[in-house]
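Working through the structure, step by step
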Amino acid sequence: MLRSSFRSLRTLSTSLHMSQRLRMMSTTAVIEFTPFKGYKLDDVPDNKIEVTKDECMKYFREMSLYRRFEIMADTLYKQRLIRGFCHLYDGQEAIITGMDAAVEHTDSLITSYRCHAHQISRGDTPANVYAELLGRQTGCSKGKGGSMHMYRAKSNFFGGNGIVGAQVPLGAGLGFSHKYKEDGGIAISMYGDGAANQGQVFEAANMAALWKLPVAFVCENNQYGMGTSVERHAFNSDFYTRGHYIPGLWIDGMDVLAVKKGFEYIKKYCNEGEGRPIFVECQTYRYHGHSMSDPGISYRTREEVQSVRKGRDCIENMRNLIIDQQWAEPDELKAIEKEIRKEVDAAVKEAKAATELSGDRLTDDIYKDEYPPFIRMIDEKTSIQY
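**Regarding the overall build of the protein**
Each helix and strand in the protein was counted, giving 12 helices and 12 strands. Projected onto its principal axes, the C-alpha coordinates of the protein cover approximately 100 × 50 × 45 Å. In the protein, which comprises 386 residues, the share counted as buried stands at 50%. Residue pairs at least 24 apart in sequence account for 71% of intrachain contacts in the protein once pairs closer than 6 positions are excluded. Summed over its atoms, the accessible surface of the protein is roughly 19,500 Å², and 52% of this surface lies on carbon and sulfur atoms.

Have a look at this one:
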C-alpha cells in the first residue's frame, strides 16, 4: 500500500511538472472572436488571430492603465481639481489599445474630446496628461487646453477636438498630407456615433474618395450620442455602411484582439494602389455618462451598464483569456493592477506638484510678435494693458 502511494505521488509530481512545462512552452494561441462585417469589400479578414502571452499581458496592462487613469480623473473632477468639460473613456479601452498595436506612430491620429487614453498611447505620460487636466505648465498645452485638447505632434497625434465632428475633415487633410509626401502613412479620423450625422463627415468622405486618400473614418459607436440612443438618433445605425460609395468594416470594439486584426487590415487596405479611404465602426460601450456633468443613468438603467460590465468588458475578457491559457494566475494579474494603482497615484502627485500657469501667461502663443495695447479678460481688474 505504501509503495502504491509513492507511485501515485510520483505520477502526480510528473503530471505537475508536465503541466508547468506545457505552460512555459504554450506561449502562443489562436483565438477566435466575433466575426467582422464588411460593406462593399471584396474580402473581409477571418475571425481568428494568433497571439502570444507577452502581447496579451501587454494589452491587459495598457487597458488597465487607461481604466485606472479615467477612474482617478473622475475622482479629481469631483474634488473640483479638474474644471470645465471632461469626457471619460472607460469601457472603450480596447479600441485605442488594439489600434495602437496595429499601426505606427508615423500614421496620423485625430479624435474627438474623449482623448486622454489616446494621448498616453502616443507616448505621453499619465503625469503630463493629469498636469494638463489640472491646468499645470507641464501639460501638453501648458495647462490651457484641458481635457478636450490633448496634442502630441511628434507622435502625429493631432487632438483632442472640442467641436463635434470637426476633426473628421481635418483627418481627411492628414490623409492628403500622407499621400502628398508619399510616406506610406495613413490617417485615422475618429468620431462618435453622435457625430455621425454631421454634414462635414460626408463632405470629407466625398473628398477622400475623389482624391483617393489613405484615411480611415472610424466611428466609435458607444451606443449613445450624449443621452440619445443610436436607435433614436440615426435612421441607419450601421455606421460602417454610411460611406455609401466608400467600403466599410464593422469591428467588435470590446475585443482588443478583433480591433488589432481589423486595423492591420485597414492599414494595408488604405495603402493599396493610389490609396483609398474606408469607413470603420467599432461597436463599444461607455460606462460613464457622456461627460462628467451627465450621471449616465437618466436615459439607460444601471442594470444595462452592469450587464455590459459583466458580459463584455474588454479587460475582464482579456483577464479570462490569460487565465484560461494558463499564462498567469489571478493573483499575478491582481498584482499588475495594484502596481498600476501606485503608478497612477504617483502620476497624480507629480501633476499636483507641478507649477500652475500664471494669469499673465494666458495670452502666450496667441500673438506672434507684438501684443495689442489692451487685452480684455473676464473683467476690468484682470484685463491686461501693455
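**Considerations on the state of the cysteines**
Summed over the entire model, instances satisfying the criterion amount to 0 disulfides. Here Cys115 stays unpaired: no disulfide links it, and the sulfur of Cys140, its closest cysteine neighbor, is 8.0 Å away.

**A look at the side chain of Glu220**
Within the secondary structure, Glu220 sits in strand 6 (residues 215-221). Buried Glu220, no salt bridge; nearest opposite-charge side chain is Arg114, N-O distance 6.8 Å.

**Side note on the packing of aromatic side chains**
Considering all chains together, one arrives at 10 aromatic pairs under this definition. Each ring, one from Phe176 and one from Trp211, has its centre 5.7 Å from the other, and the planes form 55°; the classification is tilted. Of this pair, Phe176 sits in helix 6 (residues 167-181) while Trp211 sits in helix 7 (residues 199-211), and the two are 35 residues apart along the sequence. Take Phe176: its relative accessible area is 40%, and that puts it in the partly exposed class. Aromatic side chains Phe217 and Phe279 sit 5.2 Å apart centroid to centroid with 40° between the ring planes, which places their arrangement in the tilted category. Separated by 62 residues along the polypeptide, Phe217 in strand 6 and Phe279 in strand 10 (residues 278-283) bring together distant segments of the chain. In this pair, the class of Phe217 matches that of Phe279, namely buried. Three or more aromatic residues link up through ring pairs in this structure, and these residues are Phe176, Tyr180 and Trp211. We note Lys37 situated over the ring of Trp250; from NZ or CZ to the ring centre the distance is 4.5 Å.

**A word on the confidence of the model for the protein**
Residues of the protein with pLDDT of at least 70 account for 94%, and the chain-wide mean is 91. Low pLDDT (under 50) marks residues 1-6, which in the prediction has 0 contacts with non-local residues, meaning those over four places away or in another chain.

**Things to note about a nonpolar patch on the surface**
A surface patch of nonpolar side chains, about 590 Å² in accessible area, is lined by Phe176, Tyr180, Met207, Leu210 and Trp211. Per-element tally for the nonpolar patch: the top contributor is helix 7, with 3 residues. Looking at where Tyr180 falls in the secondary structure, it is placed in helix 6.

**As for the pairing of strand 5 (residues 187-192)**
In terms of burial, strand 5 is largely enclosed, as 5 of its 6 residues are buried. Pairing of strand 4 (residues 108-110) with strand 5, which is carried by 3 bridges, proceeds in the parallel orientation. From the neighbouring strand, Ile110 faces strand 5, where its bridge partner is Ser189. Here 6 bridges tie strand 5 to strand 6, and the two strands are oriented parallel to one another. Residue pairing for strand 6: Met190 is matched across the bridge by Val218. In this fold, the crossover linking strand 5 to strand 6 by way of helix 7 has right-handed handedness.

**Some details on the sheet that holds strand 2 (residues 37-39)**
In spatial order, the strands read 2-9-10-6-5-4; together these 6 strands make up an open sheet with mixed pairing. Looking at strand neighbours, the two that pair on one side only are strand 2 and strand 4, the edges of this open sheet. Adjacent strand axes in the sheet meet at a mean angle of 20° when their direction is disregarded. Strands in contact with helix 3 (residues 93-102) are strand 4, strand 5, strand 6 and strand 10; relative to strand 5, the strand with the most contacts, it is inclined by about 175°.

**With respect to the packing of helix 2 (residues 53-78) against helix 9 (residues 256-271)**
At a minimum axis separation of 11 Å, helix 2 and helix 9 run at an interaxial angle of 105°. Our classification of the angle between helix 2 and helix 9 gives roughly perpendicular. Across the interface between the two elements, Glu55, Tyr59 and Met63 of helix 2 pack against Val256, Leu257 and Lys260 of helix 9. Partitioned by chemical class, the residues of the contact of helix 2 with helix 9 number 4 nonpolar, no polar and 2 charged.

**Thoughts on the pairing of strand 10**
By the criterion of burial, strand 10 is predominantly enclosed, with 5 of the 6 residues buried. Where strand 6 meets strand 10, 6 bridges bridge the pair, whose relative direction is parallel. Paired with Glu220 across the bridge in strand 10 is Cys282. When strand 9 (residues 248-252) meets strand 10, the two strands line up parallel, connected through 5 bridges. Note that in strand 10 the partner of Asp252 across the bridge is Gln283. Assessed by its sense of winding, the connection that carries the chain from strand 9 through helix 9 to strand 10 is right-handed.

So, how was this worked out
- Residues numbered from 1 in each chain as written.
- Predicted model: local features only at pLDDT ≥ 70, side-chain atom pairs only at ≥ 80, totals over all residues.
- Heavy atoms only, no water.
- Helix = DSSP H or I, 4+ residues; strand = E, 2+ residues; numbered from the N terminus.
- Buried < 20%, exposed > 50% of the residue type's maximum accessible area, 1.4 Å probe, protein only.
- Contact = heavy atoms within 4.5 Å.
- Areas by Shrake-Rupley, 256 points an atom, 1.4 Å probe, with all protein chains shown as cover.
- Disulfide = S-S within 2.5 Å.
- Lys, Arg positive; Asp, Glu negative; His and termini not counted.
- Salt bridge = Lys/Arg side-chain N within 4 Å of Asp/Glu carboxyl O.
- Phe/Tyr/Trp six-rings, centres within 6.5 Å; stacked < 30°, edge-to-face > 60°.
- Lys NZ or Arg CZ within 6 Å of the ring centre and 35° of its normal.
- pLDDT = per-residue confidence, 0-100.
- Patch = residues over 30% accessible without salt bridge, like charges linked within 9 Å, V, L, I, M, F, W, Y side chains within 5 Å.
- Pairing = 2+ DSSP bridges.
- Right-handed = clockwise from strand over helix to strand, strands pointing away.
- Axes fitted to C-alpha atoms, helices over the stretch in contact; angles between N-to-C directions.
- Parallel < 35°, antiparallel > 145°, perpendicular 65-115°, else oblique.
- Nonpolar A, V, L, I, M, F, W, Y, C, P; charged D, E, K, R; others polar.

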